[in-house]
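# Structural features, examined
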Amino acid sequence: MSEEIKNIVILGGGSAGWLTAGTLAAKHRQTSKKPYAITLIESPEVKIIGVGEGTWPTMRGTLKTMGINESAFIRECDVSFKQGAKFVKWITGAEDDFYYHPLELPNGYFDTNMAQSWCNGARESSFSSTVSAQEALCEAAIAPKMITSPEYAAIANYAYHIDAGKFAQFLKRHCIENLGVNYISDHVTHVNSDEKTGDITALTTKQNGDVEGDLFVDCSGAKSLLIGQHYQVPLTSKKDVLFIDNAIAVQAPYATPDVEIPPYTLSTAQKSGWIWDIGLPTRRGIGHVFSSQHCSVEEAKQTLIQYLEETGVSKIDELRFNHIDFNPGIREQFWVNNCVAVGMSAGFLEPLEASALVMVELAAAAISEQLPASKMAMPILAKQFNEKFHYNWDRIVDFLKLHYLASQRTDSQFWRDNQQESSIPDSLKALMILWQHRTPSEFDFKQKREVFSAASYQYVLYGMQQLPQTLHSTLSAKEKQLAKQCMDDTKRQTAQYTQALPTHRALLKTLQNHSFQAI
Amino acid sequence: MFKFESLDALKHQQLRVMPCQLMDRKNQVHLIDIFPAEIALLAQELPLFFNKDSETGQFNLITLMGLTIDENLLIENSQWCGRYLPLKFQAQPFYLLPAELEQSSPQENKQDSTLMNIVIDRADDRVQELSGEKLFNDGVPSEYLKNRIKILKQITEGYTELDSLTAFYLENELIEPLTLDITLNNKQKLSITGLYTIHRALLTEKIEQQDKSMPDSVFQQTQLNSLANQTRAYLNMAKHILDSQVHVKRLIELKNKLCEVS
Ligand SMILES: Cc1cc2nc3c(=O)[nH]c(=O)nc-3n(C[C@H](O)[C@H](O)[C@H](O)COP(=O)(O)OP(=O)(O)OC[C@H]3O[C@@H](n4cnc5c(N)ncnc54)[C@H](O)[C@@H]3O)c2cc1C
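In this convention, every chain numbers its residues from 1, walking through the sequence in written order. Note on labels: chains are lettered from A, ligands numbered from 1, in written order. Per-residue local features of the predicted model are confined to residues with pLDDT of at least 70, and side-chain atom pairs are confined, for both listing and counting, to 80 or more; whole-chain, interface and lining totals are unaffected and use all residues. Just so you know, side-chain values use all the structure's heavy atoms and leave hydrogens and water out.

## So, the overall build of chain B
For helices the rule is a DSSP run of H or I covering at least 4 residues; for strands it is a run of E covering at least 2, with both sets numbered from the N terminus onward. Helix and strand content of chain B: 6 helices and 15 strands. Evaluated residue by residue, chain B yields a buried proportion of 45% over its 262 residues. Exposure was quantified through the Shrake-Rupley algorithm and a 1.4 Å probe, taking into account, for residues, occlusion by the shown protein chains and nothing else. By element, 52% of the accessible surface of chain B is carried by carbon and sulfur atoms, the whole surface being about 13,900 Å². To sort residues, take the accessible area from a 1.4 Å probe on protein chains only and compare it with the maximum for the residue type: under 20% means buried, over 50% means exposed, and anything in between is partly exposed.

## So, the site of the ligand
All names here are of chain A. With respect to spatial proximity, 31 residues lie near the ligand, and among them Gly-13, Val-46, Val-51, Gly-54 and Leu-357 are the closest. Polar contact is defined as a pair of N or O atoms within 3.5 Å, subject to the rule that within protein one atom must be able to donate a hydrogen and the other to accept it, and that residues adjacent in sequence are counted only when both atoms are side-chain atoms. The separation between an oxygen atom of the ligand and a polar main-chain atom of Gly-14 is 3.5 Å. Met-344 places a main-chain nitrogen or oxygen 2.9 Å from an oxygen atom of the ligand. Calculation on the ligand without its partners gives an accessible area of 1,000 Å², and the protein chains cover 97% of this total. When residues of the shell around the ligand are traced back to their parent elements, those giving at least two are helix H1 (15–27) and helix H10 (355–370). Asp, Glu, Lys and Arg are counted as charged, while Ala, Val, Leu, Ile, Met, Phe, Trp, Tyr, Cys and Pro are counted as nonpolar; the rest, among them Gly, fall into the polar class. For the shell around the ligand, the class distribution of residues is 17 nonpolar, 11 polar and 3 charged. Whether a residue is near a molecule or strand depends on its heavy atoms: if one lies within 4 Å, it is near.

## What to know about the confidence of the model for chain B
All names here are of chain B. pLDDT measures the predictor's confidence residue by residue and takes values from 0 up to 100. Taken as a whole, chain B shows an average pLDDT of 87; of its residues, 89% reach a score of 70 or greater. Mean pLDDT across the elements of chain B ranges from a minimum in helix H5 (residues 218–243), with 79, to a maximum in strand S4 (residues 48–52), with 97. Our summary of model confidence lists the complex with pTM equal to 0.89 and ipTM equal to 0.76.

## Describing the sheet that holds strand S10 (residues 210–212) of chain A
Residues and elements named next belong to chain A. Taken together, the 3 strands give an open sheet; going across it, the order is S8-S9-S10, and neighbouring strands pair in antiparallel fashion. Every other strand in the sheet has two partners, leaving strand S8 (188–193) and S10 as the edge strands with one partner each. Strand after strand, the sheet turns through a mean of 25° between neighbouring axes, direction not considered. Strand pairing is assigned whenever DSSP detects at least two bridges linking the two strands. Structural elements are reduced to axes, namely lines fitted to C-alpha atoms, with helices fitted over the stretch in contact, and the angle between N-to-C directions of any two is expressed from 0 to 180 degrees.

## Section: the interface of chain A and chain B
In this description, contact between two residues means that some pair of their heavy atoms is separated by no more than 4.5 Å. Each side of the interface is counted separately: chain A has 9 residues, and chain B has 12 residues. Taken together, both faces of the contact between chain A and chain B bury some 800 Å²; the carbon and sulfur share is 57%. The three residues of chain A that bury the most area against chain B are Thr-148, Gln-517 and Ile-519 of chain A, which together make up 68% of that side's buried surface. Every case where a carboxyl oxygen of Asp or Glu lies within 4 Å of a side-chain nitrogen of Lys or Arg is listed as a salt bridge. Counting every contact that joins chain A to chain B gives 0 salt bridges. Across the chain A-chain B interface, the total number found is 5 residue pairs in polar contact (both at pLDDT 80 or more). Looking at the side of chain A that touches chain B, its residues break down into 3 nonpolar, 6 polar and no charged. Note on definitions: buried area is the accessible-area loss of two parts on being combined, 1.4 Å probe, summed for both.

## A few points about the domain arrangement of chain A
Residues and elements named next belong to chain A. In terms of domains, chain A is made up of domain 1 (7–78 + 161–234 + 328–393) and domain 2 (246–325). Tallying the contact residues gives 11 residues for domain 1 and 14 residues for domain 2. Summed over both partners, the interface of domain 1 with domain 2 buries about 1,000 Å², with 58% contributed by carbon and sulfur atoms. It is Glu-53, Asp-78 and His-161 that lose the most area in domain 1 upon contact with domain 2, and together they represent 54% of the buried surface on that side. Connecting domain 1 to domain 2 are 2 salt bridges. The residue Asp-163 makes a salt bridge to Arg-283 at a minimum N-O spacing of 3.0 Å. Scanning the region where domain 1 abuts domain 2 turns up 5 residue pairs in polar contact (both at pLDDT 80 or more). Either an automatic procedure or a domain database provided the assignment from which the domain bounds are taken.

## Some remarks on the packing of aromatic side chains
Residue and element names in this part refer to chain A. Only rings of Phe, Tyr and Trp enter the pairing, Trp through its six-membered ring, and a pair is recorded when the two centres are within 6.5 Å. The plane angle decides the type: under 30 degrees is stacked, over 60 is edge-to-face, the rest tilted. Evaluation of the coordinates by the stated rule reveals 41 aromatic pairs over all chains. Look at Phe-326 and Phe-348: their rings are 5.1 Å apart centre to centre, the planes differ by 75°, and that puts the pair in the edge-to-face class. Here the residue Phe-326 occupies a position in the loop between strand S17 (322–325) and strand S18 (329–331), and Phe-348 occupies one in strand S21 (residues 347–348), the gap between them amounting to 22 residues. Of the two residues, Phe-326 and Phe-348, both sit in the buried class. Their ring planes at 90° and their centres at 5.2 Å tell us that Phe-414 and Trp-415 sit as a pair that is edge-to-face. Residue Phe-414 shares its accessibility class with Trp-415, and that shared class is buried. What links up through ring pairs into an aromatic cluster is the set Phe-87, Trp-90, Tyr-99, Phe-243, Trp-274, Tyr-404, Phe-414 and Trp-415. For a lysine, the NZ atom is tested; for an arginine, the CZ atom; a charge sits over a ring if that atom is within 6 Å of the ring centre and within 35 degrees of the ring normal. Taking the ring centre of Tyr-158 as reference, the NZ or CZ of Arg-60 above it sits at 4.2 Å. Lying across the ring of Trp-56, Lys-82 places its NZ or CZ 5.7 Å from the centre.

Shown next as structure tokens:
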């Protein structure tokens, strides 16, 4: 067997499979001699999970790299713009309690310490609205750009809300038609491996025989056929930290066809979990995620129904409720021999902050950028990859836990249990102590490309009114002056943007017939 | 504003229109759409750019006539002082509107002309009953009116030609954004954004490629001719658009003069 990596086989055609296929294939789109062939196998018997409607701004880069036309993507995947998340009732549970985690970095983020200035200042308005116009844009349901903005360019930073089913279909077509990905629709029944090395040699399918390859990407979803079942890599459960393990999802029509579409993910805390509410151009996607230790499925469904009623959904008995249970956890290893897991097969925590697809994008980019020409280098790469992604997953666990930990809610067992010492990772405990005396900073994190930057921690901590106990001013006169200037800039920007930018629905409507230009 | 009326031989039998060279208030605009057939002529005296339609995001070709919004430096004593008057000005006070949309703003010309209705803007200062060209003579459209209709038709065709032209430029990645930063003699700083022009280096490259690929056999020539001619024409137009930028200087001079006077 040759040591050269010539055939890459991807098992699974959900978002993870197609994003990986597209990212790998696009890498060599321009070169005439392709170094490797890419084949994706998808079972016609196993449906994709079909949820996952929230993304991160990284998706813009990912799609652009794949050579996708942004306007076509928006039209075909029923896309709306996401400028952040609005958390309702997460702080105290009071009716009017909300805060934003916008996607824009604070103005002046790299030049001064806006967080410190805000904490030590008068705090007349929320942290997020003091440092960015985005909260105001979201509240007014305004778009993050105009039809004259070039494709993928933002005026206010943005990601997307997508129809997960349409997204997989769209990527599939693009990968097959434009990127030369080979597609096999067949069910994999057996994994063949080399006795000596343990490397996978081929996947046996029902109709198409053995599909051979040099590198196998496991995108088989929660089943984790290769990493989990074949290599028996265990799943490290995170249920002791993040309690959410069930979801009931539903798609609901708008009350009237012309209501404003929120350009943010709405997350409303509940007694034993929270409800996501995502506005696509033609329908809403809503789901209650909850902890099965704290709440029964029936009770959770009732909570969801009540939410639907309160938010203007009629004919609820005609809606299809989709119950999904999952085990929040992460594989002990992601890359073993010549097999790497991407997507649900590598791990999944919970939908909070939409971190799953961004991990898929990061993994696909890492594989595509670093894929060696020969299997000889694979063990080294595997080690690097495993370390890097364990680090990433651990940071996500911390960041998600922060949302529960920073809450002042004690009105149910779920919220009280979230405060339990034993449920808090040591790394987060340390940071929480540190942040009693200083604002979150880039120094608190190791990597250049963190999934969630210090700015995200600032937005959540200060959004939830977790201010430092003692905070010395460390800013020079000049930095203080700059911080004040940035706050004034934010005010000006807010006035300007809310006036000049179209509403979210208006831009989506324009995009039905017109497109962004490439420049 | 505008007050549109569909043409009507009876209703409009006394109407006259003063020459379009005489400018109306609505000509106080700093830019106007132009069309491929006008590029060569206009590029001799005015700067040409692309900009984006604020409603659709699509590229339009425009000529710049002023340096701030609603300033037309080419108008002097209510007269157009350029050599060539852009078609969209020539057509005034006539417009093509979708049949049912007579009162709205002039979103004209962009659709199939057969579905369009010719209208006259009664709010245009040049429309009156005393002097100028008559629209109808004894109920029959005058030569003058026939010529205006011809111009409206050219405008409709112009938008179609423009679509092919911009599609060609975009495909070849020849369009690039540009900001004009201008300092006037009185130290006032102006910045004009939202303009696009032709990428010089890429155009040069493209022209060289085109010259090299001259077909050598007669057979190939006939096959490739029309396509190659089209490409050549588009590249020529691109050159004109690029070179027309020198005329921004003219606008600055006119503006400086204006500032001195006031
Ligand atoms: C409730 C919930 C909400 C979520 N919300 C978000 C969110 O807002 N944002 C976000 O980023 N992520 C979210 N996620 C996660 C997101 O849905 C997934 O990360 C994403 O869809 C990727 O899934 P996948 O491609 O790994 O798996 P799947 O979509 O399950 O795809 C598995 C693929 O493997 C194939 N397969 C399986 N077995 C075989 C076999 N034997 N032979 C051949 N093929 C086989 C299937 O046919 C299928 O194509 C959410 C998840 C849940 C559960």
